[in-house]
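# Observations on the three-dimensional arrangement
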Number of protein chains: 2
Amino acid sequence: MSAPEVPARRQTRQRTAVLALLDELDGFRTAQELHALLRERGDAVGLATVYRALQALVDDGLVDVLRSEVGEAAYRRCSPVHHHHLVCRSCGRTVEVADPPVERWAARVAAEHGFADVQHQLEVFGTCRPCAAAQREDRLSGRGR
Amino acid sequence: MSAPEVPARRQTRQRTAVLALLDELDGFRTAQELHALLRERGDAVGLATVYRALQALVDDGLVDVLRSEVGEAAYRRCSPVHHHHLVCRSCGRTVEVADPPVERWAARVAAEHGFADVQHQLEVFGTCRPCAAAQREDRLSGRGR
DNA sequence: CGGACGTGTGAGAATGGTTCTCATGACCAC
DNA sequence: GTGGTCATGAGAACCATTCTCACACGTCCG
C-alpha cells in the first residue's frame, strides 16, 4: 500500500562488470558462459554472484531471459520495449524484431476462450547465413554420414 | 539416403500406459507428475522409463513439449498438425489454437535477415475464467496485504 | 573522516530435474 | 521353445541453479 519498494540496489564492481559484459555481447549467453568470460579476462566474480546479478537485471527489465531447448537460461541485454527475437541456433547471434500483428491476434484468441491477463512468448529460430554456409561445407568434406 | 529408419519401436505396457495417461489429461504435465500419477494408480513404472517414453513420443510427434519458467519440461498429447497453445498459468488447462498469420510473418522476417531453416515457438499464457474468479475471491477475503 | 549497519560476495554444499549405467526381464521372429 | 535384441528399473551420475554462512564492502549518519 506504500512505496513501490525498490530496495536500494547497490552499485558494486561485480554487477557493473556483468552489465558491461552483456552490453558488448550480441547474442544470448548462459550464466555459465558469462561467468567463464569474466574469469578469463581476470575479473574474478563468483558464479553465485553472476546468477544474482542477472536476476536483478531481469527484475529491472534491463535483460531478457530465454530458456534453451535443454533447459538452460540464457540472458541478453535488451531494449525495454516489447519485442521478439530471431536467434541463430548455431552461433547464438540474435536480432530483435518488431511487434508483429500477433499481439492483437493473441489478445483476441485469448479473449474468445475467456482467458484474461494475457502474455505471450514468441521466438524465431533459424540458421544465419554464415553458419548455414559453414554447415554445408562440413557436410561435403568430412563426414558422409 | 536410404530408409527413414524408424528403429522398430516396441509396444510395451509402460509406453502404452504413458500414452493412455496423456490421452486423458488435458493440460501440460511434467514427467515427474506423470510418473507420480502412474504410481498412484498402481501402474508401477520407473522414472527413467517415463522419460524415455516421453522422448520417444516427442520424436514421433505425438506429444508436445514445453519448458516451464523454472526449466522443467512439460508434456501434452497433441494433434500432429502445427499449432500453438493457450495455457492457463494457474491450472494448466490448455487450448490448442490454430495457425495465425505469424507463420508467414516469421518466415518473411527470417528471410529478410538471411536466416534459413526457420522454426518458431509461440505460446500464449493467461488466466482462465474460473481461475481468475478464484483469485479475485482470495484477494478479497484472506490477505489484505 | 570514521564507525555501524546492512547488503553483497564467494566457496562450497545442497537441491532437483534429467540422463546414464548395467544387470535383468520382456517382446518378437523363427 | 529359443535366441537375440531392445526395454526396463534402481540408483548413481550429471549439471544448472540456489542456498548457506562467514566475511567484505558500500552507504549512511554523526
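Here the residue index of a chain counts from 1 through its sequence in written order. All chains are assigned letters beginning with A, and all ligands numbers beginning with 1, in the order in which they are written. At least 70 in pLDDT is required for a residue's local features to be given in this predicted model, at least 80 for side-chain atom pairs to be given and counted, and no such filter applies to totals for whole chains, interfaces and linings, which use all residues. The side-chain numbers reported here are obtained from all heavy atoms of the structure, hydrogens and water having been left aside.

### Notes on the UniProt feature "binding site: Zn(2+)" (unreviewed entry) in chain A
UniProt positions are given in the numbering used here, feature names are shortened, and annotations may be inferred rather than shown by experiment. As recorded in UniProt, the sites labelled "binding site: Zn(2+)" (unreviewed entry) are A:Cys88, A:Cys91, A:Cys128 and A:Cys131. On the basis of their most widely separated C-alpha atoms, the annotated residues across 44 residues gather in one place, lying no more than 8.3 Å apart. Looking at where A:Cys128 falls in the secondary structure, it is placed in the loop between β6 (116-127) and α5 (129-140). A simple rule labels every residue: compare its accessible area, found with a 1.4 Å probe on the protein chains alone, to the largest value its type can have, and call it buried under 20%, exposed over 50%, or partly exposed in between. Given a relative accessible area of 2%, A:Cys128 falls into the buried group. Residues within four places of A:Cys128 in sequence aside, it is in contact with A:Cys88, A:Cys91, A:Arg93, B:Gly114 and B:Phe115. The helix count covers DSSP runs of H or I at least four residues long, the strand count covers runs of E at least two residues long, and both are numbered beginning at the N terminus. Within the secondary structure, A:Cys131 sits in helix α5. Apart from the residues lying within four places of it in its own chain, the contact partners of A:Cys131 are A:Cys88, A:Ser90 and A:Cys91. Residues count as neighbours in contact if any of their non-hydrogen atoms are within 4.5 Å of one another.

### Observations regarding the relation of the copies chain B and chain A
When the copies are superposed, the least-squares fit takes in the C-alpha atoms of residues with a pLDDT of at least 70 in both. Between chain B and chain A, the superposition needs a rotation of 180 degrees and an axial shift of 0.1 Å, giving an RMSD of 0.3 Å. Such values leave the two copies arranged in the relation of a two-fold axis. Looking at the interface residues of chain B, 97% of them are also at the interface in chain A, so both copies use one shared face.

### Here's the deal with the pattern of salt bridges
Residues and elements named next belong to chain A. When a carboxyl oxygen of Asp or Glu lies within 4 Å of a side-chain nitrogen of Lys or Arg, that pair is called a salt bridge. Counting across every chain of the model gives 12 salt bridges over all chains. Among the salt bridges present, the one from Arg13 reaches Asp43, with a minimum N-O distance of 3.1 Å. Remark: Asp43 occurs in the loop between α2 (31-40) and α3 (47-59) and Arg13 occurs in helix α1 (residues 13-24); sequence separation between them is 30 residues. Judged by relative accessible area, Asp43 falls into the partly exposed class, the value being 24%.

### Here's the deal with the interface of chain B and chain A
Taken together, the contacts link 38 residues of chain B with 38 residues of chain A. Between chain B and chain A, a total of about 3100 Å² is buried, with carbon and sulfur atoms accounting for 62% of that surface. Put simply, buried area is how much 1.4 Å-probe accessible surface two parts lose in total, over both of them, once they are put together. Summed over the three residues of chain B that lose the most area to chain A, namely B:Trp105, B:Phe115 and B:Gln121, the buried surface amounts to 22% of that side. Linking chain B with chain A are two salt bridges. Residues adjacent in sequence count toward polar contacts only when both atoms are side-chain atoms; beyond that, a polar contact is any pair of N or O atoms within 3.5 Å, and within protein one must be able to donate a hydrogen and the other to accept it. At the boundary of chain B and chain A, one finds 14 residue pairs in polar contact (both at pLDDT 80 or more). Listing elements by their share of the side of chain B that touches chain A, those giving two or more residues are β4 (84-88), β5 (94-97), α4 (102-112) and β6 (116-127) of chain B. Counting residues per element, the side of chain B that touches chain A draws most heavily on β6(B), which supplies 12 residues. Note that Gly is not counted as nonpolar here; it falls among the polar residues with everything else outside the nonpolar set of Ala, Val, Leu, Ile, Met, Phe, Trp, Tyr, Cys and Pro and the charged set of Asp, Glu, Lys and Arg. Among the residues forming the side of chain B that touches chain A, the class breakdown is 21 nonpolar, nine polar and eight charged.

### A closer look at the protein's contact with DNA strand D
If a single non-hydrogen atom of a residue is within 4 Å of a molecule or strand, that residue counts as near it. Close contacts around DNA strand D come from 22 residues, with A:Tyr51, A:Ala73, B:Thr12, B:Thr49 and B:Arg52 the closest. Sugar and phosphate atoms form 67% of the subset of DNA strand D atoms that lie within 4 Å of the protein. B:Arg39 is positioned with one of its side-chain polar atoms (N or O) 3.4 Å from a phosphate oxygen of DNA strand D. B:Gly46 places a main-chain nitrogen or oxygen 3.0 Å from a phosphate oxygen of DNA strand D. Sorting elements by how many residues they give to the surface near DNA strand D places α3(A) first, with five residues. The class makeup of the residues in the surface near DNA strand D is seven nonpolar, seven polar and eight charged.

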